Amino acid sequence: MTGLQDHLHGLWLPLVTPFRDGALDERSLRRLTRHYSGQAVDGFILGATSGEGMTLREAELERLVAIVRDEMAAGRSTLPICLGLSGADTSRLKECLDETADWPIDGYLIASPYYVRPSQRGLLAHFEALADHAAWPIALYNIPYRTSVNITNQTLLRLAEHRNIVGLKDCGANREQSIALLRDRPKDFRVLTGEDANYLEALTDGADGGIVLSAHVETATFAAVYAEVKRGNHDAAQARWHEVVKLTRLLFAEPSPAPAKYWLWRCGLIDSPEVRLPMVEVSSELAAQIDREIERRMKVAA
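Being a predicted model, the structure only gives us computed values, none of them experimental. (Residues numbered from 1 in each chain as written. Predicted model: local features only at pLDDT ≥ 70, side-chain atom pairs only at ≥ 80, totals over all residues. Heavy atoms only, no water.)

Re the overall build of the protein chain
For the protein chain, the count of helices and strands is 13 helices and ten strands. Computed over its C-alpha atoms, the radius of gyration of the protein chain comes to 18 Å, within 12% of the 19 Å expected for a compact globule of 302 residues. Its C-alpha atoms put the protein chain at 55 × 45 × 40 Å along the principal axes. Among the 302 residues that make up the protein chain, the fraction classed as buried is 55%. Put simply, of all contacts in the protein chain between residues at least 6 apart along the chain, 72% involve residues at least 24 apart. Accessible area of the protein chain: about 13,600 Å², with a carbon and sulfur share of 49%. Of note, the protein chain has its 34 positive side-chain charges centred 3 Å away from the centre of its 41 negative side-chain charges. (Helix = DSSP H or I, 4+ residues; strand = E, 2+ residues; numbered from the N terminus. Rg over C-alpha atoms; globule rule 2.2 N^0.38 Å. Buried < 20%, exposed > 50% of the residue type's maximum accessible area, 1.4 Å probe, protein only. Contact = heavy atoms within 4.5 Å. Areas by Shrake-Rupley, 256 points an atom, 1.4 Å probe, with all protein chains shown as cover. Lys, Arg positive; Asp, Glu negative; His and termini not counted. Charge placed at Lys NZ, Arg CZ, Asp CG, Glu CD.)

Structural notes on the layout of surface pockets
Here the largest pocket defines a volume of roughly 840 Å³. Lining the largest pocket are 35 residues, and of these Gly-47, Gly-53, Met-54, Thr-55 and Ser-86 sit closest to its centre. Within the residue set of the lining of the largest pocket, elements represented by two or more residues are helix H2 (58-74), strand S5 (81-85), helix H3 (90-99), strand S6 (107-111) and helix H5 (144-147). If you tally residues by element for the lining of the largest pocket, the top one is H3, at four residues. For the lining of the largest pocket, the per-class residue count stands at 17 nonpolar, eleven polar and seven charged. Put simply, the second largest pocket is a space of about 280 Å³. Along the wall of the second largest pocket there are 17 residues; nearest its centre are Tyr-145, Arg-146, Gly-194, Glu-195 and Phe-252. (1 Å grid on protein atoms, 1.4 Å probe; cavity = no way out; pocket = protein on both sides within 12 Å on 5 of 7 lines; lining within 4 Å. Points joined across faces, edges and corners; volume = space filled by probe spheres on them. Nonpolar A, V, L, I, M, F, W, Y, C, P; charged D, E, K, R; others polar.)

Remarks on the packing of aromatic side chains
Scanning the entire structure with this criterion turns up four aromatic pairs. An angle of 50° between the planes, with centres 6.0 Å apart, marks the rings of Tyr-199 and Trp-241 as tilted. Pair noted here: Tyr-199 is in helix H8 (residues 199-205) and Trp-241 is in helix H10 (residues 234-242), with a separation of 42 residues, a long-range link. Where Phe-222 meets Trp-241, the ring centres are 6.3 Å apart and the plane angle is 75°; that geometry is what we call edge-to-face. (Phe/Tyr/Trp six-rings, centres within 6.5 Å; stacked < 30°, edge-to-face > 60°.)

Here we look at unusual backbone geometry
Cis geometry marks the peptide bond from Ser-256 to Pro-257, where omega comes out at 15°. Within the secondary structure, Pro-257 is located in the loop between helix H11 (245-250) and helix H12 (258-266). At the junction of Leu-277 and Pro-278, the peptide bond is cis and its omega measures out at 15° in the coordinates. Position of Pro-278 relative to the elements: it lies in the loop between H12 and helix H13 (284-301). Despite not being glycine, Asp-21 shows a phi value in the positive range, around 55°. Along the polypeptide, Asp-21 turns up in the loop between strand S2 (19-20) and strand S3 (23-24).

Re the UniProt feature "site: Part of a proton relay during catalysis" (unreviewed entry) in the protein chain
UniProt annotation of "site: Part of a proton relay during catalysis" (unreviewed entry) refers to Thr-49 and Tyr-115 when read in the numbering used here. Checked against the lining of the largest pocket, the annotated residues reduce to Thr-49. For Thr-49, the location among the structural elements is in the loop between strand S4 (43-46) and H2. Among the residues examined, Thr-49 registers a relative accessible area of 26% and is labelled partly exposed. Those residues in contact with Thr-49 that lie beyond four places of it in its chain are Tyr-141, Arg-146 and Pro-257. Relative to the elements of secondary structure, Tyr-115 occurs in the loop between S6 and helix H4 (120-133). Exposure remark for Tyr-115: the relative accessible area of 73% places this residue in the exposed category. (UniProt positions renumbered as here; feature names shortened; annotations may be inferred.)

A closer look at the sheet that holds strand S7 (residues 138-142)
The strand order S1-S4-S5-S6-S7-S8-S9-S10 describes a closed barrel built from eight strands, whose pairing is parallel. This sheet shows a mean twist of 25° between the axes of neighbouring strands, independent of strand direction. One ladder, built from four bridges, connects S6 with S7; its direction is parallel. Paired with Tyr-108 across the bridge in S7 is Ile-138. (Pairing = 2+ DSSP bridges. Axes fitted to C-alpha atoms, helices over the stretch in contact; angles between N-to-C directions.)

Points about the pattern of salt bridges
Using the criterion set out here, one finds 22 salt bridges in the structure. Of the charged contacts in the structure, one is a salt bridge between Glu-60 and Arg-276, with a shortest N-O distance of 2.6 Å. Taken together, the residues span a long stretch of sequence, with Glu-60 in helix H2 and Arg-276 in the loop between H12 and H13 at a distance of 216 residues. Residue classification places Arg-276 among the buried residues on the basis of a relative accessible area of 13%. One salt bridge in this structure joins Arg-297 and Glu-218, with 2.8 Å as the shortest N-O distance. With a gap of 79 residues between them, Arg-297 in helix H13 and Glu-218 in the loop between strand S10 (209-211) and helix H9 (219-231) connect regions that are remote in the sequence. Residue class for Arg-297 comes out buried when judged on its relative accessible area of 13%. For Glu-218, a relative accessible area of 30% corresponds to the partly exposed category. Each member of the salt-bridge network shares a partner with another, and the members are Arg-30, Arg-34, Asp-70 and Glu-71. (Salt bridge = Lys/Arg side-chain N within 4 Å of Asp/Glu carboxyl O.)

Dropping the structure here:
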């Protein structure tokens, strides 16, 4: 485990959490970890939105982290891990930070408080209190369409001054705000997009990378888009992006991560497409679309 700040770039995978008969599917989790540890990814996010973290009990979350780290160690992988946390109670989140302080992670991804809609002063105080308390560095997660509150750039720039706040997963869905943040941020404050459909756009605007659920599929292509942008080969990046842009829409046609889990199940990477309520598995209509797309990609690959 190394400094998170140095690794917040490139393609990060928000790993889905496989379930079987209501329980954590450890066999599938090990299979996923082995598979993606050998792919062109730069880090894992565990237990966040894509990992259905709000449905995981503390013991399950701890087991999730332990299995992923153990499987990576067996494969001699040193990829960094960020643990996703969320909540609307600052005191309870500080307790979570205490409970996870000795877990084998490299940092946290912490979303804005949901439902309560605090002011910007409240957001500032909330995140500063967590950063003061945390044993590991924090990346902020701004996703106002889920939390009903936007962290403004003024607040983000204040938070970026904190020694223990090192970056941002940007799901603000406001390109103007994102560009302004990229322009004004401290040089060592990392910004990764979390909007799959805007991945190329964000990289072109100067983002340091992406946290991309769709990279569970065509992982190498998403990594190639990043690499071509960093080389300044924008035509090549656009060409590679064209290969996967429709995929980013398909995997979010119904609430995520159900479509991605169905795809991974159909491809044999997990043993069940199961999600936890209130999430439900994909509709028969979307399942048919995914099946057709898998078949098409297999024919192209052949």
